Amino acid sequence: MQSPFKFNLSPVLATFISLFSLMCSAQAQTLDLEAKWTLVSKNQNVAVYQRHTQDNHLEVRGVTQIHAVPDDFLQLLDDTQNASKWIANCQNVTVLNALDSNTRIVHTKFNAPWPIEDRDMVTKSVSYYTNDILHIDITDMGDQYPLTQGYVRIQYISGQWVLKPVTQGLLSIEYIGRADPGGKIPTWLANRTLISSMGETFENIHKQLDNASGSGQDF
């Protein structure tokens, strides 16, 4: 299946006033950011991290490496009929609107264990490249669409996919995101579900897309 996402890439020009100081500053910021993450689970294929934001919300980060190219992942996203095969607890995904070739509004419904009500969310995804790195920004659009009967609307969603070639044929996939599940759910349960769902989703991505024979890529 050919992905509907088309990218008109143009060269990015940059002026470096002080290369050495810029590199040192960027490295310091990266180290500071990485120090805040806590590893919560890791196996041969997937690593999942967590951290608490300044407003005490839980943010999660999933990482995997697969033998694929970015367009393989875009095709996986485009195949909404099979979204439940890889998105944890997913009932179905519906594209509400394609604003342009890189932007779309998506409605996703999720199963929840009894006695918790099922959840849904409405998000906007914007895809773009910077050099060879594919970014997909996810933002919340739930307050702009009517509520769905029988579902509690997930709120304050924000996230980003980053797909970056590591070596020839090997692709790093990372997602960082946060959300409020809405309704009355104990914080410990919401956090545990968020972490376990991230791990399950990334395991499924690895199974769906990795083209290498044998075991996965340890990292």
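Everything that follows concerns the structure shown earlier in this document.
My aim in this report is to walk through the structure given alongside it, one point at a time. Owing to the predicted nature of the structure, the values given are computational and were not obtained by experimental measurement.

### Considerations on the overall build of the protein
Each helix and strand counted, the protein has three helices and 10 strands in total. The linear arrangement of helices and strands in the protein, starting from the amino end, is α-β-β-β-α-β-β-β-β-β-β-β-α. When burial is assessed residue by residue, the protein has 41% of its 219 residues classed as buried. Excluding contacts between residues fewer than 6 apart, the proportion of contacts in the protein whose partners are at least 24 apart in sequence is 54%.

### Section: the pairing of strand β1 (residues 38–42)
Pairing between β1 and strand β2 (residues 46–52): four bridges, direction antiparallel. Paired with Lys 42 across the strands is Ala 47, a residue of β2. Where β1 hands over to β2, the hairpin turn is made up of three residues, counted between the paired strands.

### Some details on the packing of aromatic side chains
The final tally for this structure, using the stated rule, is four aromatic pairs. Considering the side-chain rings of Trp 161 and Tyr 175, the 4.7 Å spacing of their centres and the 45° angle between planes classify their relative orientation as tilted. In this pair, Trp 161 sits in strand β9 (residues 155–167) while Tyr 175 sits in strand β10 (residues 170–180), placing the two residues 14 residues apart along the sequence. Between Arg 61 and the ring centre of Tyr 49, over which it is positioned, the NZ or CZ distance is 4.9 Å.

### Digging into the side chain of Glu 59
Mapped onto the secondary structure, Glu 59 falls in strand β3 (residues 58–66). Engagement of the side chain of Glu 59 in a polar contact is seen with the side chain of Arg 51, the distance being 2.8 Å. Dropping the residues within four chain positions of it, Glu 59 is found in contact with Trp 37, Tyr 49, Gln 50, Arg 51, Thr 53, Ile 176, Gly 177 and Arg 178.

### Comments concerning the environment of Val 162
Here Val 162 shows up in strand β9. As for Val 162 and Pro 70, which are separated by 92 residues in sequence, their C-alpha atoms are 9.6 Å apart. Beyond its immediate stretch of four places on either side in the chain, Val 162 contacts Ile 133, Leu 134, His 135, Ser 172, Ile 173 and Glu 174.

### Remarks on the pattern of salt bridges
The full count for this structure, using the stated rule, is four salt bridges. The closest approach of N and O atoms between Glu 59 and Arg 51, which form a salt bridge, is 2.8 Å. The same class applies to Glu 59 as to Arg 51, namely buried. Arg 104 is the partner of Asp 78 in a salt bridge, and the nearest nitrogen-oxygen pair spans 3.9 Å. Note that Asp 78 is positioned in helix α2 (residues 70–78) and Arg 104 in strand β5 (residues 103–110), a separation of 26 residues in sequence. Arg 104 carries the same exposure label as Asp 78, and that label is buried.

### A word on unusual backbone geometry
Unlike most non-glycine residues, Asn 89 shows phi in positive territory, near 65°. Among the structural elements, Asn 89 can be located in the loop between α2 and β4 (90–100). Phi at Asn 131 is positive, roughly 55°, even though this residue is not glycine. One can find Asn 131 in the loop between β6 (119–130) and β7 (133–140). Residue Asn 131 is classed as exposed on the basis of its relative accessible area of 68%.

### Quick notes on α2
Inspection of α2 places Pro 70, Phe 73, Leu 74, Leu 76, Leu 77 and Asp 78 among the buried residues, and these make up the whole buried set. Where α2 is buried, its residues touch β5, β6, β7, β9, β10 and α3 (187–209).

### Points about the pairing of β3
The buried count for β3 comes to nine of nine residues, which makes it a mostly enclosed element. Residue alternation in β3 divides its side chains into two sets, Leu 58, Val 60, Gly 62, Thr 64 and Ile 66 and Glu 59, Arg 61, Val 63 and Gln 65, and both sets are buried. Note that β2 and β3 share seven bridges and pair antiparallel. Across the sheet, the residue bridging to His 52 is Leu 58, located in β3. In this antiparallel pair of consecutive strands, β2 and β3, the connection spans five residues, and Asn 56 shows a positive phi of 70°.

Conventions and cut-offs
- Residue numbers run consecutively from 1 along every chain, following the written order of its sequence.
- Restriction of local features to residues with pLDDT of at least 70 applies here, the model being predicted, together with a cutoff of 80 or more for giving and counting side-chain atom pairs; totals for whole chains, interfaces and linings are based on all residues.
- Calculated side-chain values reflect all of the structure's heavy atoms, with hydrogen atoms and water omitted.
- Per the convention used, a helix needs a DSSP run of H or I reaching at least four residues, while a strand needs a run of E reaching at least two, with both numbered from the N terminus.
- Burial status follows relative accessibility: with a 1.4 Å probe on protein chains alone, a residue under 20% of its type maximum counts as buried, one over 50% as exposed, and anything between as partly exposed.
- Only heavy atoms enter the contact rule, under which two residues are in contact if any of them lie within 4.5 Å.
- Strands pair, by our definition, only if DSSP identifies at least two bridges between them.
- Pairing of aromatic side chains here covers Phe, Tyr and the six-membered ring of Trp, requires ring centres within 6.5 Å, and sorts the geometry by plane angle: under 30 degrees stacked, over 60 edge-to-face, intermediate tilted.
- Should the NZ of a Lys or the CZ of an Arg lie within 6 Å of a ring centre and within 35 degrees of the ring normal, that charge is described as sitting over the ring.
- Each polar contact in these results corresponds to two N or O atoms within 3.5 Å; when the atoms are within protein, one needs to be able to donate a hydrogen and the other to accept it, and residues that are neighboring in sequence are counted only if both atoms are side-chain atoms.
- A pair is scored as a salt bridge if a Lys or Arg side-chain nitrogen falls within 4 Å of a carboxyl oxygen belonging to Asp or Glu.

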